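Each chain is listed here by its residues.
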Amino acid sequence: MWLSLSNPLVPPCHTLSQSFQRPEQELTWSWGYRPRSALDRVKAMAPPPPLAPSTPLLHGEFGSYPDRGPRFALTLTPQALHIQRLRPKPEARPRGGLVLLTEVSGCCTLRSRSPLDSAAYFCVYTYPRGRRGARRRAARTFRADGAATYEENRAEAQRWATALTCLLRGLPLPGDGEITPDLLPRPPRLLLLVNPFGGRGLAWQWCKNHVLPMISEAGLSFNLIQTERQNHARELVQGLNLSEWDGIVTVSGDGLLYEVLNGLLQRPDWEEAVKTPVGILPCGSGNALAGAVNRHGGFEPALGIDLLLNCSLLLCRGGSHPLDLLSVTLASGSRCFSFLSVAWGFVSDVDIQSERFRALGSARFTLGTVLGLATLHTYRGRFSYLPATVEPASPAPAHGLPRAKSELTLAPAPAPPVAHSPLHRSVSDLPLPLPQPALTSPGSPEPLPILSLNGGGPELAGDWGGAGDAPLSPDPLLPSPPGTPKAAQLSPISEGASEMAASSGLPPPTPGAPVSISAGGPPDHLLPPLGTPIPPGWVTMEGDFVLILAILPSHLGADLVAAPHARFDDGLVHLCWVRSGISRAALLRMFLAMERGTHFSLGCPYLGYAAAHAFRLEPLTPRGVLTVDGEQVEYGPLQAQVHPGLGTLLTGPPGCPGREA
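In this text the structure is predicted, and so the values were computed from the model without any measurement. (Residues numbered from 1 in each chain as written. Predicted model: local features only at pLDDT ≥ 70, side-chain atom pairs only at ≥ 80, totals over all residues. Heavy atoms only, no water.)

**Q** So what exactly am I meant to see when it comes to the confidence of the model for the chain here?
**A** Predicted coordinates in regions of low pLDDT should not be interpreted in detail. Overall, the predicted model of the chain reaches an average pLDDT of 75, with 68% of residues at or above 70. Segment residues 41-47: pLDDT under 50, and 10 contacts once partners within four positions in sequence are set aside and those in other chains are kept. Low confidence marks residues 477-506, where pLDDT is under 50. Its contacts with residues over four positions away, or in another chain, come to 92 contacts. (pLDDT = per-residue confidence, 0-100. Contact = heavy atoms within 4.5 Å.)

Okay, structure coming up:
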């Protein structure tokens, strides 16, 4: 069903599709304007000049809420908010005195509903790890009361909230200038696509209980649609007016993002459409790309809700990265695009045969692996690839995997104007009630109203203000910018010609080889037609294989690091294969070591590796399973080519691996 978070009965100041947030939350942010050229994208993705981690940016004294609580000294640095209790008794070892910005989803300023209270309030939403390693939400509210008037105290609270928001979003702070809310751009507009059947069927519940509260605290503006069937997301994005969105985020497993990317590349304006930033919040079984995003953000390996919260924190902070895509041509001549992997043999067998255990979530792959080892098969085939560099068949443990980086710079020509026609919007009758924090002034008899979406009632009773938070009321900081749409209109794209992509920056095309043309996407200039001889410079091997895997990012699953040195934009497809003759015990050891990304250091003689720009796989066994991004495709010869930086992935800021340790 389509679930639009737009309610015409909600007053304009609380239009949920325009900027869904708690009434008290006044700070909004943006990833900035949406860049349209390659140069703009490079500038937009470039981080601001780094500050020393311990550089004090702000320092001040705050009270607590309620007013009779302790007083604190706050110090804001580029990496953390330091909290020290001053009264009634300073703490020698303060508990919770260091709030890392990597654990902060957002902040806001509040005011008391009592006219006699001249203080302003500053609230920070954090998700620290507990003693058992799981994240828990915590809200810290501080009272700005150093001045005699509310206006002065409000300006101080806004100064802190603005500075903290700028640090979270990677926005530069003025060197000597005044820190005011004018530094903050408009909220980004996100389209959330939720597959309610993802994983164990908990995607919608996880989205409602964890994702929506967090991104609301961050001030993100979004609309949400539940997908109803296979390829629903593909059809949807083909008809979107993409200029109305700053990003499309899937709340599911890897399969929904596969539909989104292929839908974008099937549009007449695919050159511009594929640059729409896409993100993933993991609520599926495999969650391979989310595992790579989690690793890129510097978090420790995680599964389940912890992985979801980590990726949600990174999404709240903003930031994007070029994403390599793999164009895959199948035996029938049809073409699809992959962001993850192409698999044949053991990996694809486990992926497809474990579908019947989907109710187990990620455990389905564990059970599928055990069953696959019990009935281990080998497959005969011919495997050819265009090597990126001269590398040994298996990377030496001392040197690790190659880190070659493409020098590609994509600069697609602007897409031609397209006409739009209205698309009927079916609004779901499923309510999405979201709780408002119990923040009302002590002197006010009525609490703030609980808003519900699409006519739903207050079914979710919750306190977003945190236990013990005192009642406060809205203190709007930024008005809605002019021209902000009240509701995003979903419009189909009319048919029209589009220009082809600019030069890919890869090795020159094969002389005399015809280019494979598809309905959308760039041409595969490195690939000859299937069935014709491969060009010079390729490497070919033929024999019996247990598995062949071609992977783009580092992760094959949330907890499987198949290509430890892979990056989102290295311009390479990482090829791994296991020849026949390997024992079941050795294969099991290899997959156990893959959880740490150390499988290449085992010295297994049956394991091979190469980094490539393109490859061709020709199965010589009459029966088998081929998968692209975990989706089964027609069985037969296929070939693929990397298109570096073709897409854009919402990753959040990069982090140092193991920074949580």
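What follows picks up the thread again.
**Q** When you look at the packing of aromatic side chains in this model, what are you seeing that I'm missing?
**A** Think of a pair of aromatic rings as described by two things: how far the centres are apart, and how the planes are tilted against each other in angle. This structure, assessed with the given rule, holds 13 aromatic pairs. When the ring of F72 is compared with that of F142, the centres are 5.9 Å apart and the planes differ by 85°; the resulting orientation is edge-to-face. Of the two residues, F72 sits in strand β2 (residues 71-76) while F142 sits in strand β7 (residues 138-144), which places them 70 residues apart along the sequence. In this pair, the class of F72 matches that of F142, namely buried. Where W344 meets Y379, the ring centres are 5.6 Å apart and the plane angle is 50°; that geometry is what we call tilted. In this pair, W344 is assigned in strand β14 (residues 341-345) and Y379 in strand β15 (residues 379-387), connecting sequence segments 35 residues apart. Taking the relative accessible area as the measure of exposure, W344 reaches 1% and is therefore buried. Members of the aromatic cluster, joined through ring pairs, are F62, F72, F122, F142 and W160. Above the ring of F299, the side-chain terminus of R135 is found at 5.1 Å from the ring centroid. (Phe/Tyr/Trp six-rings, centres within 6.5 Å; stacked < 30°, edge-to-face > 60°. Helix = DSSP H or I, 4+ residues; strand = E, 2+ residues; numbered from the N terminus. Buried < 20%, exposed > 50% of the residue type's maximum accessible area, 1.4 Å probe, protein only. Lys NZ or Arg CZ within 6 Å of the ring centre and 35° of its normal.)

**Q** I keep staring at the nonpolar core and nothing clicks. Help me out?
**A** Counting 94 residues, the largest nonpolar core has L193 and F615 as the members making the most contacts within it. Residues V350, L560, A566 and L607 belong to the second largest nonpolar core, which totals 28 residues. (Core = buried A, V, L, I, M, F, W, Y, C linked by side-chain atoms within 4.5 Å.)

**Q** What am I meant to see in the pairing of strand β11 (residues 278-282) here?
**A** Along any regular strand, the residues point their side chains to alternate faces of the sheet. Most of β11 is tucked away, with five of its five residues classed as buried. Along β11, one buried face is formed by V278, I280 and P282 and the opposite face, lined by G279 and L281, is buried too. Bridge analysis of strand β10 (residues 247-252) against β11 gives five bridges, and the strand direction is parallel. Directly across from T250, in β11, lies its bridge partner I280. (Pairing = 2+ DSSP bridges.)

**Q** Please explain the pattern of salt bridges as it appears in this structure.
**A** It is possible for side chains bearing opposite charge to pair when their charged atoms get close. Per the stated rule, a full pass over the model turns up 16 salt bridges. Measuring nitrogen to oxygen at the nearest pair gives 2.9 Å for the salt bridge that ties D269 to R267. Here D269 falls in the buried class, since its relative accessible area comes to 10%. One salt bridge in this structure joins R382 and E618, with 3.5 Å as the shortest N-O distance. Of this pair, R382 sits in strand β15 while E618 sits in strand β20 (residues 607-619), and the two are 236 residues apart along the sequence. A relative accessible area of 27% places R382 in the partly exposed class. (Salt bridge = Lys/Arg side-chain N within 4 Å of Asp/Glu carboxyl O.)

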